[in-house]
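# Observations on the three-dimensional arrangement
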Amino acid sequence: MRRSLNPAATLLAAFAIAGCAAQAGEVREEQRISRPSPAALAAVESLGKMPIDAFEPSVFAAPNGHSIPYRLLSPAAQSEAKPPLVIALHASGGIGTDNVSQVGPFIRSWAAPTIAREFPSYVVVPQFPTRSANYTGDGGNRVAKPSDHLADVLALVEDLKRRLPIDPQRVYLVGFSMGASAGIIAAATKPKAFAGVVAFSGVPPHRSLAKQAAKVPFLIVHGTADRENPYAASRSWADALALAGGSPMFVTYDGMDHKVSPDQFLAPEWRTWLFSQCGFRRIRRAIPI
């Protein structure tokens, strides 16, 4: 079942409704148009020039002997005894071992003063030396399959949970493109490990995996003119989740190609939705509308 949200509602209100009143077996939808303001475009340009010093570099030695470079942003001020962990997964342009390329403007947004203050959290940004997800099929039938290094990153997450004061019930996945694909796969593979997923323009795994991922809160954002990662594949994943009893949120950007809309880089709305997810239960604090 698909349910459309009031197009006149603000994005924050839409996400709040989806987080608090979504019913199992339906896709909550919103239609949008990417018309970024000059301020949003300027903000993206500024993020691209922002130093990444706040993201501390390190290397994780995976159990299988692989080495995974990563960056870690720590909360500037811990308003909670155990803040959440955000796993920010990069697109294919960040592949490498320099421990720099994976921290693009969208990921740097977590260190922007307003975002860091409003959403204190640990943000880990692993760098994949090869693709984290590989694709087969075309159009709505496109399927993502994990690379060996996705398991290494999942081992890194478990290591961080042991070493840092992280709330184990609030571990989140966020990604764009290949990173979104890897995040969806991770949630489908280990559904009890993640409290929520925000996937921008990704490719889902085989739709049969929706049965085990249905309880994971998903927010999926995709443009209809995306020729790199088909919009139809994301829609089929959302429908499969709903058919399996889930209640994913799906935001369509009409006419947008393969990108994150600039208005979303510093938007608090989707982060508010994400941080309101708490394992298989709802966090008690209210979402402002």
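Residues numbered from 1 in each chain as written. Predicted model: local features only at pLDDT ≥ 70, side-chain atom pairs only at ≥ 80, totals over all residues. Heavy atoms only, no water.

### Remarks on the overall build of the chain
As a reminder, the rule being used: Secondary structure elements are defined from DSSP: runs of H or I of at least 4 residues count as helices, runs of E of at least 2 residues count as strands, and each element is numbered from the N terminus. Residue contacts follow a heavy-atom distance rule, with two residues in contact if any of their heavy atoms lie within 4.5 Å. With residues, only the protein chains shown are counted as cover, and all accessible areas are computed by Shrake-Rupley using a 1.4 Å probe.
When its secondary structure is counted, the chain shows 9 helices and 14 strands. A fraction of 75% describes how many contacts in the chain between residues 6 or more apart in sequence connect residues 24 or more apart. Counting every atom, the chain has about 12100 Å² of accessible surface; 54% of that belongs to carbon and sulfur.

### Topic: the packing of aromatic side chains
Formally: Pairing of aromatic rings covers Phe, Tyr and Trp, the last counted by its six-membered ring, and requires centre-to-centre distances within 6.5 Å; plane angles under 30 degrees mean stacked, over 60 mean edge-to-face, and any other angle means tilted. Remark: exposure states derive from per-residue accessible area (1.4 Å probe, protein chains only) relative to the maximum for the residue type, with buried under 20%, exposed over 50%, and partly exposed in between. Put simply, a charge is over a ring when the Lys NZ or the Arg CZ is close to the ring centre, within 6 Å, and near the line of the ring normal, within 35 degrees.
Counted by the stated rule, this structure contains 10 aromatic pairs. Pairing F106 with F200 gives two aromatic rings, centres 5.2 Å apart and planes at 80°, and the pair type is edge-to-face. Here F200 lies in strand β10 (residues 196–200) and F106 lies in helix α3 (residues 105–108), a separation of 94 residues in the sequence. Accessibility classification places F106 together with F200 in one group, the buried group. In this structure an aromatic cluster arises from ring pairing among F106, W110, F119, Y172, F200, F265, W270 and F275. Stacked on the ring of F250, the Lys or Arg R235 has its end atom at 4.5 Å from the ring centre.

### Thoughts on the pattern of salt bridges
Note on pairing: side chains with opposite charge can pair once their charged atoms come close. We apply this condition: Think of a salt bridge as a Lys or Arg side-chain nitrogen and an Asp or Glu carboxyl oxygen that are within 4 Å of each other.
Applying the stated rule across the entire model yields 9 salt bridges. One salt bridge connects K49 with E45, and the closest N-O pair in it is separated by 3.5 Å. Separated by 4 residues within a single helix, K49 and E45 lie in helix α2 (residues 38–49), roughly one turn from each other. Between K190 and E158 there is a salt bridge, with the nearest N and O atoms lying 3.8 Å from each other.

### Quick notes on the environment of G245
Following the sequence through the fold, G245 ends up in the loop between α8 (231–243) and β12 (249–254). The exposure class of G245 is partly exposed, given its relative accessible area of 36%. Residues G245 and A214, spaced 31 residues apart in sequence, show a C-alpha to C-alpha distance of 6.0 Å. With sequence-adjacent residues up to four places away left out, G245 is seen in contact with A24, G25 and A214.

### Regarding the confidence of the model for the chain
Applicable threshold: The predictor attaches a confidence to each residue, and that confidence, scored 0 to 100, is pLDDT.
Considering every residue of the chain, the mean pLDDT works out to 89; 87% of them sit at 70 or more. Contacts for the low-pLDDT stretch residues 17–21, under 50 throughout, to residues beyond four places or in other chains number 11 contacts. Every residue in residues 280–289 scores below 50 in pLDDT, and together they form 24 contacts with partners more than four places removed in sequence or on other chains.

### A few points about the nonpolar core
The cut-off we apply is this: Grouping buried Ala, Val, Leu, Ile, Met, Phe, Trp, Tyr and Cys residues that are joined through side-chain atoms within 4.5 Å yields what is termed a nonpolar core.
Ranked by internal contacts, the top residues of the largest apolar core, which has 49 residues, are L85, I87, V124, L173, F194, F218 and W237. Considering every element that reaches this core, the biggest residue donor is helix α6 (residues 178–189), with 8 residues. Ignoring anything within four residues of it in the chain, the contact list for L173 reads I87, L89, G183, A186, A187, F194, G196, V197 and V198. In terms of nonpolar packing, the next biggest core, distinct from the first, is built from 37 residues, L47, V125, L219 and W270 among them.

### Comments concerning α6
As a reminder, the rule being used: Each helix should span, by expectation, one fewer than its residue count multiplied by 1.5 Å.
Its 12 residues place the ends of α6 16 Å apart at the C-alpha level, agreeing with the 16 Å of an ideal helix rising 1.5 Å per residue. Most of α6 is tucked away, with 11 of its 12 residues classed as buried. Every buried residue of α6 is listed here: M178, G179, A180, S181, A182, G183, I184, I185, A186, A187 and A188.

### Regarding the environment of P63
Its place among the elements puts P63 in the loop between β3 (55–61) and β4 (67–73). Taking the C-alpha atoms as reference, P63 lies 7.8 Å from A155; in sequence the two are 92 residues apart.

### Focus: the pairing of strand β7 (residues 133–136)
Rules: A pair of strands is labelled paired if DSSP reports no fewer than 2 bridges between them.
In this structure, β7 lies alongside strand β8 (residues 143–146), joined through 4 bridges in antiparallel fashion. Residue A133 lies in a different strand from β8, and its bridge partner there is P146. Connecting β7 to the antiparallel partner β8 that follows it, the hairpin turn spans 6 residues, and G137 within it adopts a positive phi of roughly 85°.

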